[in-house]
Amino acid sequence: MADKKYETPMLDELEKGPWPSFVKEIKKSTDISPACQDLLGVLEVSYEDKKNHWKHGGIVGVMGYGGGIIGRYSDMPEQFPEVAHFHTIRVNMPTGWFYTSDALRTLCDIWDRHGSGLTNMHGSTGDVIFLGTTTDELEPTFKDLTAAGFDLGGSGSCVRTPSACVGQARCEWACYDTLAACNDITQTYQDELHRPAFPYKFKFKFSGCPNDCVASIARSDLAIIGTWKDEIQQDDAAVAEYAASGLDIQKDVCGHCPSKCMEWDGQKLRISNRECVHCMHCINVMPKALRPGKEKGAAILIGAKAPIVQGALLASVLIPFVPAEELLDTIKELTSRIWDFWGEYGKNRERIGELIQRVGMANFLDAIGLDPVPEMVSAPRDNPYVYFKAEDKI
């Protein structure tokens with residue numbers, strides 16, 4: 001079967017140009033994996049027909065786990081028998097995506113034995129993605145993975161595999177230990193990760209600072225984003241060095257500040273920290289001169305999602321600041337309250353952000369026992385017919 005070739009003129013176009021090509025990578029594997037050749041064939045037909053040739057449905061799994069395996073069946077099994085079954089396996093990745101070379105070789109060896117050999121490092125969930133195997137190979141793959149110290153990730157209506165940036169392991173901006181937090185949450189919610197029992201999926205993502213390198217504000221139901229509560233640490237001598245080296249501080253730093261909280265008179269940089277929104281721009285531009293404050297912790301946001309059932313949502317602030325030492329206890333207590341409400345009132349395939357949209361943030365906050373704070377406002381009030389009493393004035 002390995003010598004079977006298909007004409008793929010449309011896919012060949014994707015090999016052209018300066019960018020990496022998934023087609024080129026699949027072709028590299030055709031000599032050792034017949035499934036890769038049939039994969040190219042069915043994909044070429046999909047491009048010609050302008051429709052997907054993978055059937056919807058077909059639940060598969062391993063004993064004791066309801067998540068981690070995504071069933072894939074071709075609707076053209078006679079023409080492309082090597083991908084009649086082409087199941088995807090999600091493998092729970094190390095926190096922060098830290099691997100040894102031996103661990104990577106172990107994963108690849110397991111997949112060469114049991115599947116197509118194609119991997120995705122990493123999927124949009126964060127997991128290691130094993131692309132393509134048959135139903136008979138699922139249990140042997142799972143056995144080899146667990147023997148090597150790996151576990152399956154989440155799939156279906158469950159806790160998806162929590163993910164985190166490298167945090168304090170390598171990043172000087174991290175305001176809390178993302179690796180420890182992500183690992184703790186992963187271990188705490190093992191049952192919820194492997195046995196789907198929710199209205200829909202639930203994602204935790206941990207970013208160490210407002211740069212948000214795991215895009216938690218756009219992709220997670222509960223986003224934990226590191227921040228600080230006091231003033232930005234400022235080294236005036238280092239600011240002067242940046243100016244002397246040619247950096248246009250007024251244009252490139254102050255001019256791009258979204259809250260216009262900075263002033264540069266040619267000699268001194270002044271920051272109105274009360275107006276700072278912690279966007280990290282000035283720190284990114286002048287890392288030797290500016291640093292996050294010393295009172296570190298994280299903001300907890302809720303409700304982000306991609307445009308699947310309804311439109312995309314960015315996360316909304318739930319708690320504007322939690323000290324680093326209180327973070328894990330706060331996350332777990334909040335999660336318990338959120339899941340109780342979501343499990344009771346969530347509709348099938350309704351993410352927590354969509355539930356909040358449907359019932360209103362006020363009702364949601366009342367249900368989970370949180371008081372509203374100004375940081376929760378997602379957009380300024382635009383109704384001109386709002387009147388304040390004299391005693392309400394500041």
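Residues numbered from 1 in each chain as written. Predicted model: local features only at pLDDT ≥ 70, side-chain atom pairs only at ≥ 80, totals over all residues. Heavy atoms only, no water.

Asker: Give me the overall build of the protein: which residues, what numbers.
Answerer: Along the protein, the regular secondary structure elements total 14 helices and 15 strands. The principal-axis extents of the C-alpha atoms in the protein amount to approximately 80 × 55 × 45 Å. Summed over its atoms, the accessible surface of the protein is roughly 20700 Å², and 51% of this surface lies on carbon and sulfur atoms. Computing the positive centroid from 41 side-chain charges and the negative centroid from 55, the protein places the two 3 Å apart. (Helix = DSSP H or I, 4+ residues; strand = E, 2+ residues; numbered from the N terminus. Areas by Shrake-Rupley, 256 points an atom, 1.4 Å probe, with all protein chains shown as cover. Lys, Arg positive; Asp, Glu negative; His and termini not counted. Charge placed at Lys NZ, Arg CZ, Asp CG, Glu CD.)

Asker: I'd like a description of the pairing of strand β4 (residues 88-91), backed by residues and values.
Answerer: Side chains of β4 alternate between two faces, with Thr88 and Arg90 and Ile89 and Val91 buried alike. With two bridges joining them, strand β2 (residues 69-70) and β4 adopt antiparallel strand pairing. Opposite isoleucine 70, over in β4, you have threonine 88 as the bridge partner. Pairing of β4 with strand β6 (residues 128-131), which is carried by four bridges, proceeds in the antiparallel orientation. Across the sheet, arginine 90 pairs through a bridge with isoleucine 129, a residue of β6. (Buried < 20%, exposed > 50% of the residue type's maximum accessible area, 1.4 Å probe, protein only. Pairing = 2+ DSSP bridges.)

Asker: Give me the lowdown on a negative patch on the surface, citing residues and values where you can.
Answerer: A surface patch of like charges, here negative, comprises Glu295, Glu325, Glu326 and Asp329. Of the residues examined, glutamate 326 reaches a relative accessible area of 42% and is grouped as partly exposed. (Patch = residues over 30% accessible without salt bridge, like charges linked within 9 Å, V, L, I, M, F, W, Y side chains within 5 Å. Salt bridge = Lys/Arg side-chain N within 4 Å of Asp/Glu carboxyl O.)

Asker: Got a sec to walk through the sheet that holds β2? Specific residues and values, please.
Answerer: Neighbouring strands of a sheet are bound in pairs by backbone hydrogen bonds; such pairs are parallel or else antiparallel. Strand order across the open sheet formed by four strands is β2-β4-β6-β5, with antiparallel pairing between neighbours. If you trace the sheet from one side to the other, it starts and ends with β2 and β5 (118-121), each paired once. On the sheet, helix α4 (residues 101-114) packs against β4, β5 and β6 and is oriented at approximately 25 degrees with respect to β6. (Contact = heavy atoms within 4.5 Å. Axes fitted to C-alpha atoms, helices over the stretch in contact; angles between N-to-C directions.)

Asker: Tell me about a nonpolar patch on the surface, and name the residues and values.
Answerer: A cluster of nonpolar side chains, namely Met10, Leu14, Phe22 and Tyr47, defines an oily patch on the protein surface of about 340 Å² accessible area. Relative to the assigned elements, tyrosine 47 resides in helix α3 (residues 34-49).

Asker: Describe the sheet that holds strand β9 (residues 222-228), listing the residues and the values that go with them.
Answerer: Spatial ordering of the open sheet is given by β7-β8-β9-β14-β15, a layout of five strands whose pairing is mixed. The open sheet terminates on both sides in strands that have one partner only, identified here as β7 (163-164) and β15 (316-323). In the sheet, strand β8 (residues 204-207) pairs with β9 via four bridges, with the strands oriented parallel. Across the sheet, residue phenylalanine 206 finds its bridge partner in β9, namely isoleucine 224. Against the sheet, helix α6 (residues 178-188) engages β7 and β8, with an angle of about 165 degrees to β8.

Asker: Before we move on, could you go through the nonpolar core and cite the residues and values that matter?
Answerer: Counting 35 residues, the largest nonpolar core has Phe204, Phe206, Ile338 and Phe364 as its most contacted members. Every element with two or more residues in this core is listed here: α6, β8, β9, β14 (296-302), β15, α12 (327-345), α13 (352-359) and α14 (361-368). With 24 residues, the next largest nonpolar core counts Cys209, Val253, Cys261 and Met280 among its residues. (Core = buried A, V, L, I, M, F, W, Y, C linked by side-chain atoms within 4.5 Å.)

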